[in-house]
Each structure stands twice: as structure tokens, then as C-alpha cells.
Amino acid sequence: MFEFPVLSGEYGVSSHLFHWTDLTRYEQFSSTPSTKREVLAQIWYPSNIHKDTLTQYAPELIPAWKAGLRTAGFPESQLSELDEIRVHATPDAPILKLAKQYPVILFFHGYVAFRSAYTAMCEDLASHGFIVIGVGHTYYSQLTIFPDKRVIAALPEHLRQDKLCDELSSLNEQRIWLDDASFVINQLIKVANDPHSKFYQCMDLQNFGAIGHSFGGSTAIQLARNDLRCKAAVNLDGALFGNSPTVGFAKSIMIVVGQKSWKSFDSKTDHEISTQTGWPIKLVNILREKYKEAIPLLLRNQNAKTYFIEIEGADHGAFSDWVLLKSMPLYRLNRNIFDMEKLTGDVTGSAVISEINKNVASFFKSTLIQE
């Protein structure tokens, strides 16, 4: 059995999955013109469950995960390890009722990643007394599996990241993600005011925060810029897309970067980075501008407290559960097929996740919790 790190907060944690349809937006990526945009959102919250409780990790993804590794050449005899991954957020337990409302944090996954890949961070944040909502961006998530078993994979152009290589199309991409965020916030307001909901009157949605990885980090920053209710944002190793990304605003932000991903733009040419990552060279050139050059500008222009943290030895993929999962025998013994350390860096997963979680929890406690 492979266990995720012990929760560092005082509370046990549970989770629930919401499936919502935005009746105000047509799904531009659907082959059926009348289709409305659907979004999955997973909520992690404090509960009466003991904090050491274990439950299966992302059970809905296991069959597709196994199929992908099988196709890549991983030994069939080792695939059962995926069934033995354990996390702490028990599904659908009652929320722990407190005298005050819980601060709310929206979490945005990376471009063509998926919400479940950040479970270690989300459930740990919830153990500190936050309600955390992982927003799934349909057609951008590697896989979206709806409760009725429909499956939508990321579009090929999203997998290739074509649309980030053009300024106008990248602005449209950011707008779609921000529209998803606004829709989820509106749905949460309904849930929080529904007497029949387990979350009734439990959420403080006038003072929420945002956090995201990669393109999701850009989304978090832009949401704080645009929404008065969003009081603080954390960007995990993400370039800054969207309108006026380096213009300061009066919100506290924290930028956390991987030392390897940050320093690579100093020590390597665009061609070398493209060869290493597989990203189009045009995208690497854009990232040099929107990541390495834009982040220091934004930090200098901010009109509130800012924080910049480098995680020693970490690469871009170290801000997800992959930094933990890479130590499973399944991945350690098959690095010739897929070497996850090329994504995460040669770092100890539990130490990296602990450092990130400690800084993120401290930041949001200082910005969202009113003593």
C-alpha cells in the first residue's frame, strides 16, 4: 500500500464531487451546437473523520490509468499497485460544523492536467480549516469522467498546447478558465445558501482565495485581479497569461517556483528547453517572456504583500501528486519507459509537498482568516 503524507492540520478531511452545467454558456468544443458547458468540481472540507483515515486515490481514474501504462509497456503484473494508493479524504462524510464559516480556496489544475492530481495539497489545506474546491476544466483536463460514465479527453490541440503559442488565442484560453471559475463561485453561493445542503452557511464566499499550478496559477492570479471577493492568490510555477499580467493590484500574492524550472531559462537556450520538455519552441519563447520576465515585474508592481519562494531541486511537475507517486516501485522500476523525475526533478516527494503545503497554508491563514 502506498500512503499519501499524514495531514499536517488538526482536522480530518472528506470530499464531495459536484457536477454542474452552466446554462448561460454553449460548449464551444462540442460537436453538438446546443450543448451547454459542463464542469466537475471536487470539494475537500474538514469533517469529523479521524485525520489518519485512509481511502482509495482517484478510483474513477484507475481503469484509464492502467490502460495508458499498459499501452506504454509497463508490466501487467505491476499495474495492481495503482489500486493500493491511499489518501485521507473520505468521500461524503458530514462536514465538521464550527461556530464560524470556513474560508474558501479555489484550486485550478495545470493545462491538460486534472483536479485529482493535486489531492495531496488540497486535502492538506482542508485539514487546516479551509474548504478547497478543485475546478476541472473540461476539454483541458486529461480526462473528465462524469457521474454518468461519459468521458471527455483533452483535445489534441490542448495536448500540443497550440493555443498558448498565439497571443489572441491564449487570451481566449484564459477567459474560458476564468469563466469556469466565476461559474463555480456562483454555484458555491447557491450551495452555501441551500438549507438542504451539508454545506449550508459553512462557507465564507466574500473572502476567498485562489491557487493554481502552471496555467492554473495564471488563472488564480487573474481571478484575484478581477474579482473583489478574492483576497489572495498563489501561483505554483505558472507563466502569467491574460490581460495586463504584470500590472500590479492591491491583493497579496505568493509565487512558488521550482528551482530547476526557474533556473533553466538562465542556463539553457530555447532550443535546449524545447528538446528537454517537448514543448514547441515558440511556446518556450513565450514562456521566457511570461514566466521568467513577467513574474519579477508583477512582484515589483504589486500594491500589497508579495512572496517569492524557490523550491530547491524541483522542476515543473513537482507541484502535483506526481512528485509523490514517482517513488512507487511501478515507476522506479520502469524509468526506462517513463522517467517521472524528468518532470519533477530529483527531489524527495514528501519533503517537497511538505514544504509547499506549509508555505501555502501559512499564506492563506495570514490573508483569509480573521482573528
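Structural data are supplied above this passage.
Residues numbered from 1 in each chain as written. Predicted model: local features only at pLDDT ≥ 70, side-chain atom pairs only at ≥ 80, totals over all residues. Heavy atoms only, no water.

K.L.:
Tell me about empty space enclosed by the protein, and please be specific about residues and values.
P.N.:
For the structure on display, the rule yields 1 cavity of 30 Å³ or more. Within this model, the largest cavity holds a volume of roughly 40 Å³. If you trace the largest cavity, you find it lined by Glu60, Leu61, Phe114, Arg115, Ser116, Leu143, Thr144 and Ile145. Here the residues of the lining of the largest cavity sort into 4 nonpolar, 2 polar and 2 charged. (1 Å grid on protein atoms, 1.4 Å probe; cavity = no way out; pocket = protein on both sides within 12 Å on 5 of 7 lines; lining within 4 Å. Points joined across faces, edges and corners; volume = space filled by probe spheres on them. Nonpolar A, V, L, I, M, F, W, Y, C, P; charged D, E, K, R; others polar.)

K.L.:
Mind laying out the pairing of strand β12 (residues 230-236), listing which residues take part and the relevant values?
P.N.:
Two faces make up the sheet, and in a regular strand the side chains alternate between them. For β12, the buried fraction is high: 6 of the 7 residues fall into the buried class. Sheet topology note: the strand β11 (residues 203-213)/β12 ladder contains 6 bridges and is parallel. Across the sheet, residue alanine 210 finds its bridge partner in β12, namely alanine 233. Once the chain exits β11 it traverses helix α5 (residues 215-226) before rejoining the sheet at β12, and the crossover so formed is right-handed. (Buried < 20%, exposed > 50% of the residue type's maximum accessible area, 1.4 Å probe, protein only. Helix = DSSP H or I, 4+ residues; strand = E, 2+ residues; numbered from the N terminus. Pairing = 2+ DSSP bridges. Right-handed = clockwise from strand over helix to strand, strands pointing away.)

K.L.:
Outline the pattern of salt bridges, supporting the account with residue identities and numerical values.
P.N.:
A side chain with one charge can pair with a side chain of the opposite charge if their charged atoms come near. Overall, the coordinates contain 21 salt bridges when judged by the stated rule. Through salt bridges that share partners, Asp22, Arg25, Glu27, Arg37 and Asp180 make up one connected network. (Salt bridge = Lys/Arg side-chain N within 4 Å of Asp/Glu carboxyl O.)

K.L.:
Any details on the packing of helix α2 (residues 119-127) against helix α12 (residues 349-368)? Residues and values, ideally.
P.N.:
At a minimum axis separation of 10 Å, α2 and α12 run at an interaxial angle of 40 degrees. What the angle tells us is that α2 and α12 run oblique. In this structure, α2 meets α12 at a crossing whose hand is right-handed. Contacts between α2 and α12 involve Ala120, Met121, Asp124 and Leu125 from the first element and Ile353, Ile356, Asn357, Val360, Ala361 and Phe364 from the second. Partitioning the contact of α2 with α12 into residue classes produces 8 nonpolar, 1 polar and 1 charged. (Axes fitted to C-alpha atoms, helices over the stretch in contact; angles between N-to-C directions. Parallel < 35°, antiparallel > 145°, perpendicular 65-115°, else oblique. Left-handed = near helix turned anticlockwise from the far one by under 90°. Contact = heavy atoms within 4.5 Å.)

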